Each structure stands twice: as structure tokens, then as C-alpha cells.
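Observations on chain architecture
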Amino acid sequence: MTATPGHTPAPTTDEGLPGFTRVYSGKVRDLYEPVDPADATMLVVASDRVSAFDHALEPGIPGKGELLTTLSLWWFDQLRVPNHLVPDHRVDGSSRIPASVSGRAMLVKKLDMFPIECVVRGYLTGSGWKEYQATQTVCGLPLPAGLENGDRLPEPIYTPAYKAPMGEHDENIDFEQTVELVGPIVAAELRDLSLEIFAQASHVAEGRGVILADTKFEFGADRETGVTTLADEVLTSDSSRYWDAEAWSTGTTPTERMASFDKQIVRDWLAANWEDDGVTPPPTLPSEIVERTALRYRELLERLTGDAA
């Protein structure tokens with residue numbers, strides 16, 4: 001992969017990663033390029049940082065970067081689509097991934113990334129539920145009447161977003177706008193691949209008692225073959241909404257039905273304890289909130305893979 005246009009600040013050298021130069025720092029992950037310009041790989045490093053409501057929070061969630069990376073790698077192994085991973089080729093018996101980020105880094109191909117977040121929703125929740133209440137649509141797509149918060153949709157829907165430049169909000173767009181951005185063939189391929197991967201992943205998750213409510217994918221074109229390739233993180237608890245299947249079927253309130261395996265604990269605490277007035281910084285997260293969030297991330301990994309990082 002490579003950073004989307006508008007997302008790459010001036011490179012800065014990170015002495016902690018010999019052989020690599022940092023080219024982008026996001027809210028959670030950092031991208032590094034090899035010092036050797038002939039090396040067509042990148043290093044994607046997941047940190048323990050946590051964000052909510054577009055703010056980076058303190059402290060981070062211990063072990064989060066390794067948990068997310070482990071889950072991404074596991075999903076890449078399960079899915080039957082081309083992805084951006086390359087073998088961690090060893091040089092003189094040593095891993096190409098520096099020891100300081102071992103366990104939370106992926107070595108990947110550089111791709112020409114498409115400026116689209118490919119969102120798939122299988123259940124009515126979040127911003128989709130708010131829109132549905134007002135217009136009986138989600139991202140402009142009409143849905144049947146009578147659905148409740150957390151209900152399964154008649155079939156998964158594809159609701160893409162335009163990847164905005166750094167510091168700006170991504171923008172929901174319709175399929176016709178993706179055609180304008182990447183052309184009709186690629187637009188259709190991104191939609192079909194996204195729905196296909198969502199179906200595969202949902203089947204796997206359901207077999208482990210977990211519901212995949214929604215997720216987002218990112219794709220790029222392989223620079224050598226032109227093949228559309230799955231990139232970035234995939235199906236992690238930062239890019240997806242997962243629920244416990246039994247709780248969803250037996251719960252009597254939206255909170256019980258949709259207790260998610262992600263940072264919702266952080267969002268809820270922050271919403272109850274801080275008002276974003278544009279001036280006051282967010283408060284420090286209490287240790288109890290940090291610990292509960294870390295346990296929730298780890299529980300998802302264990303439920304899906306049968307193991308933990």
C-alpha cells in the first residue's frame with residue numbers, strides 16, 4: 001500500500017526502525033518506507049494509541065497494536081482474495097521487521113491505493129440507524145419500514161465513502177460517484193469484492209458465535225499486475241463492528257444486544273464525561289476504562305481465532 005494523496009507529510013527518520021523512514025502517522029498506525037528506494041515494500045505499524053470523536057486519547061490501550069495486527073493477519077489467511085502482504089524475508093537470519101515493532105507490524109507491497117473506503121453494512125446501527133429514523137434510508141439507499149436499532153438488514157448494503165485528505169472528514173458517496181473517481185470497471189469490482197469478503201467473513205464469524213455488523217475495506221492496484229488488492233488492516237475491531245451473537249438474540253435493549261468488541265467503552269465514557277467545545281482537551285482515560293477496553297479487544301481475538309496475541 002501507499003498513503004492516499006493528501007495523507008503524506010514530509011518524511012521523518014525514526015531511529016527506532018533501522019532501514020526504514022516514516023512517511024505517515026495516523027491516529028493509530030504509522031507507515032514506513034525502506035531506505036532503499038528500489039525496495040517496493042512498506043511497513044505498516046499499529047500502535048497502542050486510541051482515538052474517539054476525532055481526538056487522540058491518553059493513555060493508549062496496552063497491547064492493542066499487537067492484537068489488531070494479529071487479527072488482521074489471521075483474516076488475511078482466511079480470505080480468498082489477493083492481499084498486500086509479502087513474506088517477511090529474512091536477511092542474514094534476521095527478520096526484516098525491526099524487533100522494536102515485532103508483533104504489531106506488517107510488511108506489505110506498495111500499491112496504488114483507490115481513494116475509497118468500501119463500507120459494508122449487514123445490520124442497522126450507528127449513523128445508519130439515525131438516518132433511517134429520519135428518512136428510512138441508509139446513505140441514501142431505501143430500506144423497508146419497521147426496522148429497529150440493531151436489526152439485521154434484508155441483505156448487506158455497500159455504502160462507500162471518499163477518503164478525505166488528512167485532517168478532514170471522509171464523505172459518504174453513492175456508487176455513481178465512485179464511478180467518477182475510479183471508472184465503472186473498478187467501481188463495480190470494489191463493490192463486488194467488498195460484498196464477497198463481507199459474506200465470507202460473516203460466515204466465519206457466525207460459526208464462532210460472533211456477528212459482523214459492519215466493516216470497511218481499502219483496496220489498491222498492484223503496481224506490477226494491476227490486480228485489485230485488499231490492503232490496510234482488515235476486519236479488526238477498529239475497522240469493524242462485532243457483536244456477541246447470543247447477546248444480540250437474547251438482549252432486551254439496544255445496549256445489551258449491541259455490546260461491541262471495540263472501543264465503544266471508551267466512546268461511552270468520553271461522551272458522559274467530556275463535552276468537545278473545541279478548546280478543552282479530552283480527559284485522561286481512567287485505568288478501569290483502559291483495562292476493560294483491552295479485555296474486550298482480546299476477547300474478540302480469542303473468540304475468532306481460538307488464541308490470543
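Every value quoted in this text rests on a predicted model; they were computed, and no experiment measured them. (Residues numbered from 1 in each chain as written. Predicted model: local features only at pLDDT ≥ 70, side-chain atom pairs only at ≥ 80, totals over all residues. Heavy atoms only, no water.)

Some remarks on unusual backbone geometry
Note the cis peptide between glutamate 58 and proline 59, where omega equals -10 degrees. When you line up the elements, proline 59 lands in the loop between β6 (55-57) and α1 (64-78). You will see that phenylalanine 53, though not glycine, has its phi angle at about 55 degrees, which is positive. Topologically, phenylalanine 53 is positioned in the loop between β5 (50-52) and β6. (Helix = DSSP H or I, 4+ residues; strand = E, 2+ residues; numbered from the N terminus.)

Topic: the packing of α1 against helix α8 (residues 287-305)
Between α1 and α8, the least distance of the axes is 10 Å, while the angle of their chain directions is 20 degrees. On the basis of the axis angle, α1 is roughly parallel to α8. Crossing geometry of α1 relative to α8 is assigned as left-handed. Between α1, through Lys64, Leu67, Leu68, Thr70, Leu71, Trp74 and Trp75, and α8, the contact on the second element is made entirely by Ala294, Tyr297, Arg298, Leu300, Leu301, Leu304 and Thr305. (Axes fitted to C-alpha atoms, helices over the stretch in contact; angles between N-to-C directions. Parallel < 35°, antiparallel > 145°, perpendicular 65-115°, else oblique. Left-handed = near helix turned anticlockwise from the far one by under 90°. Contact = heavy atoms within 4.5 Å.)

Re the side chain of threonine 159
Along the chain, threonine 159 turns up in the loop between β14 (152-158) and β15 (161-162). Among the polar contacts listed, one links the side chain of threonine 159 to the side chain of arginine 121, at a separation of 2.9 Å. With sequence-adjacent residues up to four places away left out, threonine 159 is seen in contact with Val119, Arg121, Val138, Cys139 and Leu141. (Polar contact = N/O pair within 3.5 Å; in protein donor to acceptor, adjacent residues only side chain to side chain.)

As for the packing of aromatic side chains
Summed over the entire model, instances satisfying the criterion amount to 5 aromatic pairs. On the basis of an interplanar angle of 75 degrees and a centroid distance of 5.5 Å, the ring pair of tyrosine 123 and tryptophan 243 is categorised as edge-to-face. Remark: tryptophan 243 occurs in strand β19 (residues 240-244) and tyrosine 123 occurs in strand β11 (residues 116-123); sequence separation between them is 120 residues. Looking at tryptophan 243, the relative accessible area reads 0%, which means it is buried. Each ring, one from tyrosine 123 and one from tryptophan 248, has its centre 5.5 Å from the other, and the planes form 85 degrees; the classification is edge-to-face. (Phe/Tyr/Trp six-rings, centres within 6.5 Å; stacked < 30°, edge-to-face > 60°. Buried < 20%, exposed > 50% of the residue type's maximum accessible area, 1.4 Å probe, protein only.)

Considering the side chain of serine 239
Structurally, the position occupied by serine 239 is in the loop between β18 (228-231) and β19. Owing to a relative accessible area of 7%, serine 239 belongs among the buried residues under this scheme. With sequence-adjacent residues up to four places away left out, serine 239 is seen in contact with Thr215, Lys216, Glu233 and Val234.

Here's the deal with the confidence of the model for the protein chain
Caution is warranted with low-pLDDT regions, since their predicted coordinates should not be read in detail. The share of residues in the protein chain with pLDDT of 70 or more is 90%, and the mean pLDDT across the chain is 90. Counting contacts from residues 2-15, a segment whose pLDDT is below 50, to residues more than four positions away or on other chains yields 27 contacts. (pLDDT = per-residue confidence, 0-100.)

Some remarks on the pattern of salt bridges
All chains considered together, the criterion is met by 21 salt bridges. Note that aspartate 54 is salt-bridged to lysine 27, the shortest N-O span being 2.8 Å. With aspartate 54 in the loop between β5 and β6 and lysine 27 in the loop between β2 (20-25) and β3 (29-34), this residue pair connects regions lying 27 residues apart in the sequence. A residue is classified by how much of its surface remains accessible, and aspartate 54, at 45% relative accessible area, is partly exposed. Linking arginine 303 and aspartate 244 is a salt bridge whose minimum nitrogen-to-oxygen distance equals 3.0 Å. Pair noted here: arginine 303 is in helix α8 and aspartate 244 is in strand β19, with a separation of 59 residues, a long-range link. Among the charged side chains, a salt-bridge network with shared partners connects Glu117, Lys163, Lys216 and Glu218. (Salt bridge = Lys/Arg side-chain N within 4 Å of Asp/Glu carboxyl O.)

Focus on the pairing of strand β4 (residues 41-46)
Counting buried residues along β4, 6 of its 6 residues qualify, which places the element largely inside the surrounding structure. Both faces of β4 are covered, namely the face carrying Thr41, Leu43 and Val45 and the face carrying Met42, Val44 and Ala46. Joining the antiparallel neighbours β3 and β4 is a turn of 6 residues. Direction of pairing for β4 relative to strand β9 (residues 105-109): antiparallel, over a ladder of 5 bridges. When the bridges of β9 are listed, valine 44 appears paired with methionine 106. (Pairing = 2+ DSSP bridges.)

A short note on the environment of isoleucine 197
Note on placement: isoleucine 197 falls in helix α4 (residues 184-206). Sequence spacing of isoleucine 197 and leucine 235 is 38 residues, and the spatial spacing of their C-alpha atoms is 9.7 Å. Those residues in contact with isoleucine 197, other than ones at most four positions away along the chain, are Leu79, Val81, Phe217, Phe219 and Leu230.

Let's talk about α1
Under the 1.5 Å per step criterion, the end-to-end length of α1 is 21 Å for 15 residues, consistent within 8% with the ideal 21 Å. Those residues of α1 that fall on the buried side of the exposure criterion are Lys64, Gly65, Leu67, Leu68, Thr69, Leu71, Ser72, Trp74, Trp75 and Phe76. (Expected span 1.5 Å × (residues − 1).)

Remarks on the pairing of β19
Judged by how many residues are buried, β19 sits mostly within the fold: 4 of 5 residues are covered. Bridge analysis of strand β17 (residues 210-222) against β19 gives 5 bridges, and the strand direction is antiparallel. Bridge pairing links threonine 215 to serine 240 in β19.

Concerning the packing of helix α3 (residues 175-182) against α4
It is the contact of α3 with α4, at a shortest axis distance of 7 Å, that shows an interaxial angle of 125 degrees. It follows that α3 is oblique to α4 by the angle criterion. The two elements α3 and α4 meet at a crossing, and its hand is right-handed. When α3 is examined against α4, the residues Phe175, Thr178, Val179 and Val182 are found in contact with a partner set consisting of Pro184, Val186, Ala187, Ala188, Leu190 and Arg191.

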